[in-house]
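The primary structure of each chain is shown beneath.
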Amino acid sequence: MMITFHFLLIFSAIFRVLIIVYGEWQDGHMEVRYTDVDYLVFSDAAMLMSSGASPYNRATYRYSPLLAFLLLPNASLHPSWGKFLFSASDLLVGIFIRDILKMLEVSDMPSLFSVMVWLFNPFTFTIGTRGNCEPIVCAAILWIIISIMK
């Protein structure tokens, strides 16, 4: 059976959802939390923004107000919204890696392997599922590279 890009993407998306769910369980049942401490800061800033206040009213918030804006659904939809957003950005990085390698005319197997290295790297998938916003930055940088290459 040949593994396809779409299979990898779907499998890694399901994997990330399961990790987020496990992380929520760990946060509620263990002393050491899975969630990144900065995620709590982002969420607090989004809560402040949703009530009409500045995200900078949170003493340790030092990020763009755009980040708090992106996490507004944390206040109204679900507290894990941002983790799903960051994990989706991580999947987008995998898509962008594949797009760049296609533009460079890299054959399918090395391209697929490169995407697998990103999508199933414990370091990268843990970052987004813990609530760190770095996958958004990675996706933006790769999008800029793709735009320049076109």
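These numbers were taken from a predicted model, which means no experiment stands behind them.

> Can you walk me through the packing of helix H5 (residues 81-103) against helix H6 (residues 108-119) in this structure?
The packing of two helices is summarised by the inter-axis angle and the distance between the axes. Remark: H5 packs on H6, axes separated minimally by 9 Å, with the N-to-C direction vectors making an angle of 160°. Taken together, the axes of H5 and H6 lie roughly antiparallel to each other. Crossing of H5 over H6 shows right-handed handedness. Only Ser 111, Ser 114, Val 115, Trp 118 and Leu 119 of H6 make contact with H5, whose side of the interface consists of Asp 90, Leu 91, Val 93, Gly 94, Ile 97, Arg 98 and Leu 101. When the residues that make up the contact of H5 with H6 are grouped by side-chain class, the tally is 7 nonpolar, 3 polar and 2 charged.

> Explain the side chain of Asn 74 to me, please; I cannot follow it from the model alone.
The topology assignment puts Asn 74 in helix H4 (residues 72-76). Among the polar contacts made by the side chain of Asn 74, one reaches the side chain of Tyr 39 at a distance of 3.0 Å. At 3.4 Å, the side chain of Asn 74 and the backbone oxygen of Pro 79 are in polar contact. If we ignore the near neighbours within four places in the chain, the residues touching Asn 74 are Tyr 39, Ser 43, Pro 79, Ser 80, Trp 81 and Gly 82.

> Would you take a moment to explain the environment of Phe 5 for this structure?
Relative to the assigned elements, Phe 5 resides in helix H1 (residues 5-29). A relative accessible area of 9% places Phe 5 in the buried class. Each C-alpha atom, one on Phe 5 and one on Arg 98, is 8.7 Å from the other, the two residues being 93 residues apart in sequence. Sequence-distant contacts of Phe 5, that is, excluding residues within four places in its chain, are made with Gly 94, Ile 95, Arg 98, Leu 112 and Val 115.

> Would you explain the nonpolar core in this entry?
As a rule of thumb, soluble globular proteins bury nonpolar side chains together. With 15 residues, the main nonpolar core has Ile 97 and Leu 142 as its most contacted residues. Secondary structure elements with two or more residues in this core: H1, H5, H6 and helix H8 (134-149). Broken down by element, the residue count for this core peaks at 6 residues, all from H5.

> Can you help me understand the side chain of Asp 38 in this one?
Within the secondary structure, Asp 38 is located in helix H2 (residues 37-50). Buried charged residue Asp 38 carries no salt bridge. Nearest counter-charge: Arg 62, at 4.2 Å. Residue contacts for Asp 38: discarding those within four places in its chain leaves Arg 62 and Tyr 63.

> Looking at this model, I keep getting lost on the pattern of salt bridges. Mind explaining?
Close approach of charged atoms allows side chains of opposite charge to pair. Taken as a whole, this structure holds 5 salt bridges when the rule is applied. Here Glu 24 ties to Lys 83 by a salt bridge, and the two come within 2.7 Å at their closest N and O atoms. Of this pair, Glu 24 sits in helix H1 while Lys 83 is found in helix H5, placing the two residues 59 residues apart along the sequence. Using a relative accessible area of 33% as the deciding quantity, one classes Glu 24 as partly exposed. Across the pair Asp 44 and Arg 58 runs a salt bridge whose closest N-O atoms are separated by 2.8 Å. Here Asp 44, found in helix H2, pairs with Arg 58, found in the loop between H2 and helix H3 (65-70); they are 14 residues apart in sequence, far enough to count as distant. Its relative accessible area of 32% is what places Asp 44 among the partly exposed residues. Residue Arg 58 is classed as partly exposed on the basis of its relative accessible area, which comes to 23%. One network of salt bridges, in which partners are shared, links Glu 24, Asp 27, Arg 33 and Lys 83.

> Which parts of the structure should I look at to understand the packing of aromatic side chains?
Both the distance between ring centres and the angle between the ring planes are used here to describe each pair of aromatic rings. Counted according to the given criterion, the structure contains 10 aromatic pairs. Between Tyr 39 and Phe 86 the ring centres are 6.4 Å apart and the planes differ by 85°, which places this aromatic pair in the edge-to-face class. Placement of Tyr 39 in helix H2 and of Phe 86 in helix H5 is noted, with a sequence separation of 47 residues between them. This pair shows no difference in class: Tyr 39 is buried, exactly as Phe 86 is. Counting every residue linked through ring pairs, the aromatic cluster contains Tyr 39, Phe 42, Tyr 56, Tyr 61, Tyr 63 and Phe 86.

Cut-offs and rules
- What you see as residue numbers is a count from 1 along each chain, following the sequence as written.
- Totals for whole chains, interfaces and linings use all residues, but because this is a predicted model, local features are given only for residues with pLDDT of at least 70 and pairs of side-chain atoms are given and counted only at 80 or more.
- As a convention, hydrogens and water are excluded, and side-chain values are obtained from all of the structure's heavy atoms.
- Axis definition: a line fit to C-alpha positions, over the contact stretch in the case of helices; interaxial angles, taken between N-to-C directions, run 0 to 180 degrees.
- Under the DSSP-based scheme used, a helix requires at least four consecutive residues in state H or I and a strand at least two consecutive residues in state E, with every element numbered from the N terminus.
- By the definition adopted for this analysis, an angle is roughly parallel if under 35 degrees, roughly antiparallel if over 145, roughly perpendicular if from 65 to 115, and oblique otherwise.
- Each helix crossing is assigned a hand: it is left-handed if the near helix lies turned anticlockwise from the far helix by less than a right angle, otherwise right-handed if that turn is clockwise.
- Pairs of residues are marked as contacts when any of their non-hydrogen atoms sit within 4.5 Å.
- Three categories are distinguished: nonpolar for Ala, Val, Leu, Ile, Met, Phe, Trp, Tyr, Cys and Pro, charged for Asp, Glu, Lys and Arg, and polar for the others, with Gly belonging to the last.
- Here a polar contact is recorded for every N or O atom pair within 3.5 Å, except that within protein the pair must consist of a potential hydrogen donor and a potential acceptor, and residues adjacent in sequence are included only if both atoms are side-chain atoms.
- Each residue's exposure class comes from its accessible area (1.4 Å probe, protein chains only) as a fraction of the maximum for that residue type: buried when under 20%, exposed when over 50%, partly exposed otherwise.
- In this description, a nonpolar core means a group of buried Ala, Val, Leu, Ile, Met, Phe, Trp, Tyr and Cys residues linked to one another through side-chain atoms lying within 4.5 Å.
- Just so you know, the count uses Lys and Arg for positive and Asp and Glu for negative, and it drops His and the chain ends.
- Any carboxyl oxygen of Asp or Glu that lies within 4 Å of a side-chain nitrogen of Lys or Arg is treated as forming a salt bridge with it.
- Each pair of aromatic rings taken from Phe, Tyr and Trp, with Trp reduced to its six-membered ring, is defined by centres within 6.5 Å and is described as stacked if the planes are under 30 degrees apart, edge-to-face if over 60, and tilted in the remaining cases.

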